[in-house]
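# Descriptive structure summary
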Amino acid sequence: MSLGTVLSGANNSFSVLAEDGSVVRCALKGKKLKGAEGFYNPLAAGDVVEWEPASAGTGMIGSLIPRKSLFWRFNEKGKAIQAIAANMDVLVCVTSAALPPFRPRFIDRVSLEPSSDGVPFIIALNKTDLGVDEDVAERMEDYRRVGFETMEMSADSGTGVEALRERIAGKTSAFVGQSGVGKSSILNALEAGLGLKVGEVCEKFERGRHTTVAAILSVLSDGATRVIDTPGFRRLAVRGIDPATLGACFPEIKKVSARCALGARCMHLDEPGCAVVDAVESGAIHEDRYESYARVLAELEDTRAYAKKVGKPRRYEEDEYEDA
Ligand SMILES: Nc1nc2c(ncn2[C@@H]2O[C@H](COP(=O)(O)OP(=O)(O)O)[C@@H](O)[C@H]2O)c(=O)[nH]1
Ligand SMILES: [Mg+2]
Ligand SMILES: [Zn+2]
């Protein structure tokens, strides 16, 4: 058995990068992949697997090496975790200044994943060539104030592309974000040869069309930098966080919550002496970030209560992965 990295694939056909640099078309050896039990899909781009050669140019995957990190979403249909990108060192959440409109609440949801994983998280504002509205600039400033790393760029004009290249050099980074924000375009700007498919933004709905069907890992020509392009999604449900610890996932809430009168029992909603609510009122915490917190909290409690009642998570129609 030798080791390989999954570049892309679905169902039971995966492109695996072998240690000698060749790409092998692999199928799973058994019906269930060892190490991937309980997941909606067995393998994600970036996964490291043990495989053995079969007929010329093909192979069989025997097991999944434990993941160091994972970007996932809860698949409502399959009622299981869908693995999207694995073993990334950096998670880049791409967002756009316009077309589609800037969506801070989406960024907040994505940011909840690495906070539990310890993976650096970058908010990359793309399409700055279209102009950056005052309120978008203000929100980006607030993300920096809270402590998030941000970048501003344009895949079209090339602004910020070199800074991104330096930031991710020698690492594996996963690019996530809504359809049409320019994930594939940014990666193509990093390296012309990648040839990732780019979609048109549908002007009428100001939403991207869906061109990436599954996540794809590409190795840049330096041989050491790996980038994972992922399909876009419109909405991201948050799952797997205990409502009581959600506040700690928002750095600015975590910072002041120790001063809440109820201590750790405070959910920062309407409890007396809540330092978080005070901070929102004084402007120390952005009201939009607080709104994100309150919405995710309600969703987590709702799905938990619903699961208790009927034994399964509530289904959000709107929440389907657009490209899956
Ligand atoms: N004006 C402008 N358009 C961009 C930029 N980056 C991407 N686009 C356009 O946005 C659309 C969606 O890009 P794509 O890379 O497919 O987005 P993805 O769905 O996030 O991968 C395409 O029409 C791109 O040409 C940019 O920096 N500026
Ligand atoms: Mg794309
Ligand atoms: Zn509180």
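Here, residues in each chain are numbered from 1, in the same order as that chain's written sequence. Written order determines the labels here, with chains lettered from A and ligands numbered from 1. Confidence filtering applies because this is a predicted model: local features only for residues at pLDDT of at least 70, side-chain atom pairs given and counted only at 80 or more, and all residues used for totals across whole chains, interfaces and linings.

## Section: the overall build of the chain
Across its full length, the chain carries 8 helices and 15 strands. Field definition: a residue is buried when 20 or more other C-beta atoms are found within 10 Å of its C-beta, exposed when 12 or fewer are, and partly exposed for counts in between, with C-beta atoms placed from the backbone. Looking at the 324 residues of the chain, the share that counts as buried comes to 38%. The contacts in the chain between residues at least 6 apart in sequence include a share of 64% that link residues at least 24 apart. Each helix is a run of DSSP H or I of at least 4 residues and each strand a run of E of at least 2, with the numbering of both proceeding from the N terminus. Think of it this way: build a C-beta for each residue from its backbone, and any pair within 7 Å is a contact.

## Examining the sheet that holds strand S1 (residues 2–10)
The pairing criterion is simple: DSSP has to find at least two bridges between the two strands. Strand order around the closed barrel formed by 5 strands is S1-S2-S3-S5-S4, with mixed pairing between neighbours. Along the sheet, successive strands turn relative to each other by an average axial angle of 50 degrees, direction set aside. Pairing between strand S3 (residues 23–28) and strand S5 (residues 58–64): 4 bridges, direction parallel. Along S5, the bridge assignment pairs Arg25 with Thr58. Comment: axis = line fitted to C-alpha atoms, over the contacting stretch for helices; angle = value between 0 and 180 degrees taken between N-to-C directions.

## As for helix H5 (residues 183–190)
Of all the residues in H5, the buried ones are Lys183, Ser184, Ile186, Leu187 and Ala189. Residues of H5 that are buried make contact with strand S8 (90–96), strand S9 (121–126), helix H4 (161–168), strand S11 (172–176), strand S14 (216–219) and strand S15 (226–229).

## Topic: the pairing of S15
For a regular strand, side chains alternate in direction, first toward one face of the sheet and then toward the other. On S15, burial covers both faces: Arg226 and Ile228 on one face and Val227 and Asp229 on the other are all buried. Strand direction decides the pairing type here: S11 and S15, joined by 4 bridges, are parallel. Bridge pairing in S15 links Ser173 to Val227. Note: S14 against S15, 4 bridges, orientation antiparallel. If you follow Leu217 over to S15, its bridge partner there is Ile228. Here S14 folds back onto S15 in antiparallel fashion, the turn holding 6 residues, of which Gly223 has a positive phi close to 80 degrees.

## What about the pairing of S11?
Of all 5 residues making up S11, 5 are buried, and the element is well covered by its neighbours. In this sheet, S11 lies alongside S8 in parallel orientation, the contact comprising 4 bridges. Within the sheet, the bridge partner assigned to Leu91 lies in S11 and is Ala174.

## Examining the sheet that holds strand S10 (residues 149–152)
Taking strand neighbours across the sheet as the criterion, the 6 strands line up as S10-S9-S8-S11-S15-S14 in an open arrangement whose pairing is mixed. Both outer strands of the open sheet, S10 and S14, are each paired with one neighbouring strand and no more. Between one strand axis and the next, the sheet turns by 25 degrees as a mean value, whatever way the strands run. Strands in contact with helix H1 (residues 104–111) are S8, S9 and S11; relative to S8, the strand with the most contacts, it is inclined by about 170 degrees.

## Quick word on unusual backbone geometry
A cis amide bond links Leu99 to the next residue, Pro100, at an omega of 0 degrees. Along the chain, Pro100 falls in the loop between S8 and H1. Here Asn87, not a glycine, exhibits a phi torsion of approximately 60 degrees, which is positive. Residue Asn87 is classed as buried on the basis of its C-beta count, with 23 C-beta atoms lying within 10 Å. Although it is not a glycine, Lys127 adopts a positive phi angle of roughly 65 degrees. Looking at the secondary structure, you find Lys127 in the loop between S9 and helix H3 (134–146).

## A closer look at the environment of Ala44
Tracing the backbone shows Ala44 in the loop between S3 and strand S4 (48–53). For the pair formed by Ala44 and Gln82, sequence separation is 38 residues and the distance between their alpha carbons is 8.6 Å. Setting aside its immediate chain neighbours within four residues, Ala44 contacts Val6, Ala83, Ile84, Ala85, Ala86 and Ala215.

## Describing the nonpolar core
Structurally, a nonpolar core is described as a collection of buried Ala, Val, Leu, Ile, Met, Phe, Trp, Tyr and Cys residues joined by way of C-beta atoms within 7 Å. Counting residues in hydrophobic clusters, the biggest one holds 56 residues, and the most contacted among them are Ala85 and Ile228. A domain assignment, automatic or from a database, supplies the domain bounds used here. Among the domains, domain 1 (2–68) and domain 2 (88–229) are the pair contributing at least three residues each to this core. The contacts of Ala85, once residues within four sequence positions are left out, are Ala44, Ala45, Gly46, Phe71, Ala174, Ala215, Ile228 and Thr230. Judged by nonpolar contacts, the second largest core, of 14 residues, contains Val238, Leu246, Ile253 and Ala279.

## Quick word on the environment of Leu187
Here Leu187 is to be found in helix H5. Judged by the 24 C-beta atoms lying within 10 Å of it, Leu187 falls in the buried class. The spacing of Leu187 and Ile228 is 41 residues in sequence and 8.9 Å in space, taken between C-alpha atoms. Look past the residues within four positions of Leu187 in its chain and what remains in contact with it is Phe175, Leu194, Leu196, Ser218, Val227 and Asp229.

## Topic: the confidence of the model for the chain
Should pLDDT be low for a region, the predicted coordinates there are not to be read in detail. Every residue is assigned a pLDDT by the predictor, reflecting its confidence on a scale from 0 to 100. In this model, the chain carries a mean pLDDT of 88, and residues with pLDDT of at least 70 account for 88%. Confidence drops under a pLDDT of 50 for residues 203–212, and excluding neighbours within four residues, the segment shows 34 contacts in the predicted structure. Low pLDDT (under 50) marks residues 312–324, which in the prediction has 31 contacts with non-local residues, meaning those over four places away or in another chain.

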